[in-house]
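Residue-level listing of the chains:
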Amino acid sequence: MKAQKMNAASRAVKRVDLETRLTDEHHQALKLWLRLLSCTNMVEARVRNRLRTHFGTTLPRFDLLAQLERYPAGLNMSELSRRLMVSGGNVTGLTDQLEKEGLVARSDDPEDRRAYTVKLTAAGRARFARMAAMHEQWVIELFAGLSSSEKTQVHRLLAKLKLHLSAVSGK
């Protein structure tokens, strides 16, 4: 039975692993890109699943709450849309759901009569605090395969890559 579960898990990883299409002839940069993407997809899938299982919520809802937690005075809908990199319609839908659950409150934006400011409610702050604490533990667990110095090294290398990407983004 245990071998069957491991084989099923192995097949599942292979299905989503973008690196399976690579050969030795592919450029090193392409291999790196697909390795980064594969790792990102695997971490994100596990976080999404755990948010759904433990809290009955989705990653987009968690992300919206996280943005509001950082700005206690609230954010307007267009700023939320920009920060979450989704359309205004998506933010409206998420906000509507979270407002019905009493996790966020919407009020008129004092600086723009056509806009709304969204803030966490006390219940929203409490619920997000529980989710954020668990989320942090999940991420720690998912990266436990690397030593502290390896995590520092990868972080430093990705910072270098990010700086380079920022410099070439306008080209």
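Look up: the structure comes first, before these words.
Heads up: these notes are all about the structure in this document. (Residues numbered from 1 in each chain as written. Predicted model: local features only at pLDDT ≥ 70, side-chain atom pairs only at ≥ 80, totals over all residues. Heavy atoms only, no water.)

### So, the packing of helix H2 (residues 28-55) against helix H6 (residues 122-142)
- The geometry of H2 relative to H6 is characterised by a closest axis approach of 11 Å and an angle of 140 degrees between their N-to-C directions. In this structure, H2 crosses over H6, and the sense of that crossing is right-handed. On H6, the residues touching Val-43, Arg-46, Val-47, Arg-50, Leu-51, His-54 and Phe-55 of H2 are Arg-127, Arg-130, Met-131, Met-134, His-135, Trp-138, Glu-141 and Leu-142.
- In terms of residue class, the contact of H2 with H6 is made up of eight nonpolar, two polar and five charged. (Axes fitted to C-alpha atoms, helices over the stretch in contact; angles between N-to-C directions. Helix = DSSP H or I, 4+ residues; strand = E, 2+ residues; numbered from the N terminus. Left-handed = near helix turned anticlockwise from the far one by under 90°. Contact = heavy atoms within 4.5 Å. Nonpolar A, V, L, I, M, F, W, Y, C, P; charged D, E, K, R; others polar.)

### A look at the packing of aromatic side chains
- By the definition in use, this model includes two aromatic pairs.
- Here the aromatic rings of Phe-55 and Trp-138 are separated by 6.2 Å at their centres, their planes lie at 55 degrees, and the arrangement is tilted. Residue Phe-55 is located in helix H2, and its partner Trp-138 is located in helix H6; the two are separated by 83 residues in the primary sequence.
- Considering the side-chain rings of Phe-62 and Phe-128, the 5.2 Å spacing of their centres and the 40 degrees angle between planes classify their relative orientation as tilted. Taken together, the residues span a long stretch of sequence, with Phe-62 in helix H3 (residues 59-70) and Phe-128 in helix H6 at a distance of 66 residues. Note on accessibility: Phe-62 and Phe-128 belong to one class, buried. (Phe/Tyr/Trp six-rings, centres within 6.5 Å; stacked < 30°, edge-to-face > 60°. Buried < 20%, exposed > 50% of the residue type's maximum accessible area, 1.4 Å probe, protein only.)

Worth remembering: the numbers are spatial, not functional.
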